[in-house]
Amino acid sequence: MNTYNEYIKEIEERKAQGLQPKPIDGGELLREIIELIKDTDNAHHADALQFFIYNTLPGTTPAAVVKAKFLKEIILGESVVEEITPSFAFELLSHMKGGPSIEVLLDIALDDNETTAKQAADVLKTQVFLYDADYDRLKEAFENGHEIAKELLASYAKAEFFTQLPEVEEEIKIVTFIAGEGDISTDLLSPGADAHSRSDRELHGHSIFEHNKEKQNELKAIKEQHPDKRVMLVAEKGTMGVGSSRMSGVNNVALWTGIQASPYVPFVNIAPIIAGTNGISPIFLTTVGVTGGIGIDLKNWRKKTDADGNIVVDENGEPVLEEVYSVATGTVLTINTKKKKLFKGDQELIDISASLTPQKLEFIRAGGSYAVVFGKKLQTFAAKTLGIEAPTVFAPSKEVSKEGQGLTAVEKIFNKNAVGTTPGKTLHAGSDVRVEVNIVGSQDTTGLMTAQELESMAATIISPIVDAGYQSGCHTASVWDKKAQANIPKLMKFMNDFGLITGRDPKGVYPAMTDVIHKVLNDITVNDWDIIIGGDSHTRMSKGVAFGADSGTVALALATGEASMPIPESVKVTFKGEMKSYMDFRDVVHATQQQMLKQFGGENVFQGRVIEVHIGTLTADQAFTFTDWTAEMKAKASICISEDETLIESLEIAKGRIQIMIDKGMDNEQQVLQGLIDKANKRITEIRSGEKPALTPDASAKYYAEVVVDLDILGEPMIADPDVNNEDVSKRYTHDTIRPLSYYGGTKKVDLGFVGSCMVHKGDMKILAQMLKNIEQQHGKVEFKAPLVVAPPTYNIVDELKAEGDWEVLQKYSGFEFDDNKPKAAARTKYENMLYLERPGCNLCMGNQEKAEPGDTVMATSTRLFQGRVVKDSDEKKGESLLSSTPVVVLSTILGRTPTMQEYEAAVAGIDLTKFKPSSKKLVAA
């Protein structure tokens, strides 16, 4: 009973933290618990029963395997437990969501005992998480004339697992709770610094609102005052869930405000209700659907207009907002799911049809989108096996086709990869589409949850449809602490066994590769027609179209090889003019956002749409800088349109990097990586022969908007500023405040610089090395007046810099260099004024391990400027993370302040910055 005794000890430790016993996933522990259940005189008998019934995780966990087998023994009379009757055993199996429970139920249903077979069949009719092995058993039994198998298939063909569920209630009474003003990052709901605890749902739930107990208690009080209502969490004057998909964020909201999914599975809640004045961030909204929740675009504030209809602006030229209706904390409202309206009493406030589409109502009714996805697949299989036409049960996919209208790039990709649509029908934006997925990426702080989701949906192997899956180690790269040591090896083994290429090798054959996941996915995407799904908001490739997703959607893509979503509208971005020699491409990225907002009167036309960027002449590494930032533009995705030769060059670079991975020993028995090289070669041949040129939209394609970026007016480096002291709280931390370098007058103090994250590439490291050499030549030495943290995104870059002599330059000026043989075991809390060469990975950008000192002003190349992400506030000063190009960051740390334009131009003289010249070709299909 050693494992059980350790569990009891852990329970006492958790009790001291105000936590319940951790849900059980281990098989050995549950075996010991079963022995205690059998021993009715044992002092632990009653506790063991509670643990077995109410505290064991379902799906394909080792514990679920043991639980299902024991329940089978009880049903067959091989074991007798007074407290668990055979009938109750069937009920417990019905809540185990597939895998071993389905195997047990099929064993009993296809056996000769009519009584138990009928009971097992009744349970099976409610289940949807069946896989190929289960299908094969049913099909074989049916073909052999088994009546129960025929009965099951008939039920599945009619989708009784769905039609027998209760209808969605017509009226949902809600009470509002303002989570914050302005855009709300998912960091507020699930802080990055608590990433290690995400798979421990109860513990992670304590982190909501960044551990703000006062706010948590306010939420508890609202729930207690309104026990008959659901709480709606609101982003007032902003967008809810910006920054990332964060399944853990939705899980936390559901844990605090949702409905328990099963009485026998602790801390798994569903059906949260989330809202924002400007709606929900697209990738976060997908996550809400996974849990059968509701996401609402409130539109409760609007731009004020004068008598002539002109927008009223304040002294800063910003539109003045006026309240349309109040959603202040404690406001009681009603969601009417039939009328699809939001009401206050009898007063209609707003139409919410977009939140309650037929498909979304199905997710709500089924308790989440997975059940619908698997249910449709099960119905199709059953009907095909019976040789009948499947009756229409689920809402038909919306198919929008506009005769004579050309296709945007994303419309072309979706049409190519669509499954289950009307044959021969061309689909345009707004269509609901199931698509096959080519590449799937899982990152290490959400990967533990993805593994849990795969177990819960009873998946055991990656879908053969997927060209490659990759599990990264980048988010936990900077500090190999006890939390990482406990979590990451377990994750890598699970994903390696599942069929993914893993950054760390569970078998110890190759050294740890902590490369930033987006960079790896950018390399292993070897076709511009690919669809990529990744467990990070920055899953935005310079080839194909990529979507950041929650851990559950990643799991679904890995298990099924499919994803479902509407075809998004597109915004076309083109360029004119010429970059000045001292400007970096990062400045073009920021200028695009600034000029777009100006062109459209402050309306972000990118939000929720695909940015089709006609970048043409930049290879994959450099182009990725643009697509990566589109997450901060609040776009759903982005697509780079490239010239043929540029695309070929990018594919050749990708082939070389994949070969390095193969040479390191990272390929698996299926030779997935070699298959990618073969696919790249095939694509290159197609382009060169003219058989299939690089992807371009049709000349007659229609766009939601078109943005033209004028490079001629871009005269100085651009900085994204969190504007932490803006009197209007809603305008802080938005990524939309883009300022020229001269705004700071060369006087703003900079406490720390960071060159790293997915926004930089090899060229940035070379710029850094050349700037250091220039400064020494100009001043006789290099002296840092602020710390400079440098984290190359990949080991490939480090190796190439070593081969070309640049790494030696960085070593010369550094006071710290990472050592893979002795990785840091604790996060740094203080910094000296020197250069830190950190291990490849996310580092400061993630904010879960390393952080700047509280109250610091940070100048960084990274992507996130949200409050508390890179730097926390101190008692004296708000922490702020300003985002800019590599040369601005480097010079700011040398000076300890923002540079003047004169200082900046002198520092970059003669340096080969990332140049960009717009394509002279028309990047459209004839």
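This text follows the structure it describes.
Before going into details, it helps to say that this report is about the structure given with it.

Examining the overall build of the protein
Here is step 1 of the chain: The secondary structure content of the protein amounts to 31 helices and 33 strands.
Here is step 2 of the chain: Expected size for 926 residues packed as a compact globule is a radius of gyration near 29 Å; at 28 Å, the protein falls within 12% of this value.
Here is step 3 of the chain: Overall, the protein is about 90 × 65 × 65 Å in size when its C-alpha atoms are taken along their principal axes.
Here is step 4 of the chain: When burial is assessed residue by residue, the protein has 62% of its 926 residues classed as buried.

So, the packing of aromatic side chains
Here is step 1 of the chain: The final tally for this structure, using the stated rule, is 21 aromatic pairs.
Here is step 2 of the chain: Taken together, a centroid distance of 4.9 Å and an interplanar angle of 40 degrees make the contact between Phe162 and Phe394 tilted. With a gap of 232 residues between them, Phe162 in helix H10 (residues 160-163) and Phe394 in the loop between helix H17 (369-386) and helix H18 (409-417) connect regions that are remote in the sequence.
Here is step 3 of the chain: Given a relative accessible area of 5%, Phe162 falls into the buried group.

A look at the environment of Ala559
Here is step 1 of the chain: Looking at where Ala559 falls in the secondary structure, it is placed in helix H22 (residues 551-560).
Here is step 2 of the chain: By relative accessible area, Ala559 is classed as buried at 10%.
Here is step 3 of the chain: Along the sequence, Ala559 and Lys851 sit 292 residues apart, while their C-alpha atoms lie 35 Å from each other.
Here is step 4 of the chain: Among residues more than four places away in sequence, those in contact with Ala559 are Tyr131, Leu454, Met457, Ala459 and Ser463.

Description of helix H26 (residues 672-689)
Owing to its 3.6 residues per turn, the α-helix aligns residues three or four sequence positions apart on the same side.
Here is step 1 of the chain: The terminal C-alpha atoms of H26 lie 26 Å apart, and with 18 residues this matches the ideal 26 Å at 1.5 Å per residue to within 8%.
Here is step 2 of the chain: Looking at the buried residues of H26, the elements they touch are strand E16 (439-442), strand E17 (468-471), strand E18 (501-502), helix H21 (517-524) and helix H25 (644-664).
Here is step 3 of the chain: Gly690 occupies a position one or two residues after H26 and carries a positive phi of about 85 degrees.

Describing H18
Here is step 1 of the chain: When you tally the buried positions in H18, you get seven out of nine residues, the bulk of the element.
Here is step 2 of the chain: All buried positions along H18 are accounted for by Ala409, Val410, Glu411, Lys412, Ile413, Phe414 and Asn417.

Looking at unusual backbone geometry
Here is step 1 of the chain: Even without a glycine there, the phi angle at Lys97 is positive, about 60 degrees.
Here is step 2 of the chain: Tracing the chain through its elements places Lys97 in the loop between helix H5 (86-94) and helix H6 (100-109).
Here is step 3 of the chain: On the basis of relative accessible area, Lys97 is assigned to the partly exposed category, the value being 32%.
Here is step 4 of the chain: In the Ramachandran plot, His211 falls in the positive-phi region, its phi being about 65 degrees despite a non-glycine side chain.
Here is step 5 of the chain: When its relative accessible area of 39% is taken as the criterion, His211 is described as partly exposed.

Looking at the sheet that holds strand E12 (residues 341-344)
Here is step 1 of the chain: Here seven strands make up an open sheet; going across it, the order is E8-E7-E3-E1-E11-E12-E13 and the pairing mixed. Edge positions in the sheet fall to strand E8 (294-297) and strand E13 (347-351), since each of these pairs with one other strand and no more. Averaged over all adjacent pairs, the angle separating strand axes in this sheet is 30 degrees, with direction ignored.
Here is step 2 of the chain: On top of the sheet, helix H13 (residues 213-225) reaches strand E1 (171-181) and strand E3 (230-236); it is set at about 165 degrees to E1, its chief contact.

Focus: the pairing of strand E5 (residues 259-262)
Here is step 1 of the chain: Where E5 and strand E6 (residues 265-270) come together, three bridges link them in antiparallel fashion. Residue pairing across strands places Ser262 opposite Val265, the latter belonging to E6.
Here is step 2 of the chain: Following E5, the chain reverses through two residues before pairing antiparallel with E6.

A short note on the sheet that holds E16
Here is step 1 of the chain: Here five strands make up an open sheet; going across it, the order is E18-E17-E16-E19-E20 and the pairing parallel. Each end of this open sheet is capped by a strand with a single partner; those strands are E18 and strand E20 (545-548).

A few points about the side chain of Asn487
Here is step 1 of the chain: By the secondary structure assignment, Asn487 is in helix H20 (residues 482-498).
Here is step 2 of the chain: Exposure remark for Asn487: the relative accessible area of 14% places this residue in the buried category.
Here is step 3 of the chain: In this structure Asn487 touches His196 and Leu448, once residues within four positions along its chain are discounted.

Here's the deal with a negative patch on the surface
Here is step 1 of the chain: Together, Asp132, Asp136, Glu140 and Glu143 make up a region of like negative charge exposed at the surface.
Here is step 2 of the chain: Looking at the secondary structure, you find Glu140 in helix H8 (residues 132-143).

Some points on the side chain of Ser884
Here is step 1 of the chain: Of note, Ser884 is situated in the loop between strand E33 (880-883) and helix H30 (886-895).
Here is step 2 of the chain: Taking relative accessible area as the criterion, Ser884 reaches 0% and is therefore assigned buried.

A word on the environment of Asn668
Here is step 1 of the chain: You can see Asn668 is positioned in the loop between H25 and H26.
Here is step 2 of the chain: The sequence separation of Asn668 and Ile148 amounts to 520 residues, and the corresponding C-alpha distance is 41 Å.
Here is step 3 of the chain: Looking at Asn668, its side chain comes within polar contact range of the main-chain nitrogen of Val672, at 3.3 Å.

Section: the packing of helix H27 (residues 762-779) against H30
Here is step 1 of the chain: Closest axis-to-axis distance for the H27/H30 pair is 9 Å, and the angle between their directions is 35 degrees. Seen along the crossing, H27 lies across H30 with a hand that is right-handed. Each of Asp764, Ile767, Leu768, Met771 and Ile775 in H27 lies in contact with H30, whose residues at this interface are Thr886, Pro887, Val890, Leu891 and Ile894.

Conventions and cut-offs
Residue numbers restart at each chain and count upward from 1, following the sequence in its written direction. In view of the model being predicted, local features appear only for residues whose pLDDT reaches at least 70, and side-chain atom pairs are presented and counted only at 80 or more, with totals across whole chains, interfaces and linings using the full set of residues. Just so you know, side-chain values use all the structure's heavy atoms and leave hydrogens and water out. Numbering of helices and strands runs from the N terminus; a helix is a DSSP stretch of H or I covering at least four residues, while a strand is a stretch of E covering at least two. The globule rule used for comparison is 2.2 Å times the number of residues to the exponent 0.38, while the radius of gyration itself is calculated over C-alpha atoms. Per-residue accessibility, obtained with a 1.4 Å probe over protein chains only, is compared with the maximum for each type, and a residue is labelled buried under 20%, exposed over 50%, and partly exposed between these values. Only Phe, Tyr and Trp rings take part, Trp by its six-membered ring, and two of them pair if their centres are within 6.5 Å. Stacked means planes under 30 degrees apart, edge-to-face means over 60, and tilted covers everything else. Contacts are assigned to residue pairs with any non-hydrogen atoms lying within 4.5 Å of each other. One fewer than the residue count of a helix, multiplied by 1.5 Å, yields its expected span. Strand pairing follows a simple DSSP-based rule, namely that at least 2 bridges must link the two strands. Structural elements are reduced to axes, namely lines fitted to C-alpha atoms, with helices fitted over the stretch in contact, and the angle between N-to-C directions of any two is expressed from 0 to 180 degrees. Two joining distances apply to patches: 9 Å for like charges and 5 Å for nonpolar side chains (Val, Leu, Ile, Met, Phe, Trp, Tyr), and every residue must have over 30% relative accessible area and no salt bridge. Exposure was quantified through the Shrake-Rupley algorithm and a 1.4 Å probe, taking into account, for residues, occlusion by the shown protein chains and nothing else. Each salt bridge in this description consists of a side-chain nitrogen of Lys or Arg and a carboxyl oxygen of Asp or Glu lying within 4 Å of one another. For the purpose of charge, His is not counted, nor are the chain termini; Lys and Arg are scored as positive and Asp and Glu as negative. Taken as the charge centre is NZ of Lys, CZ of Arg, CG of Asp or CD of Glu, depending on the residue. Polar contact criterion, stated in full: a pair of N or O atoms within 3.5 Å, where within protein one must be able to donate a hydrogen and the other to accept it, and residues adjacent in sequence count only if both atoms are side-chain atoms. Crossings are assigned a handedness: left-handed for a near helix turned anticlockwise from the far helix by less than a right angle, right-handed for a clockwise turn.

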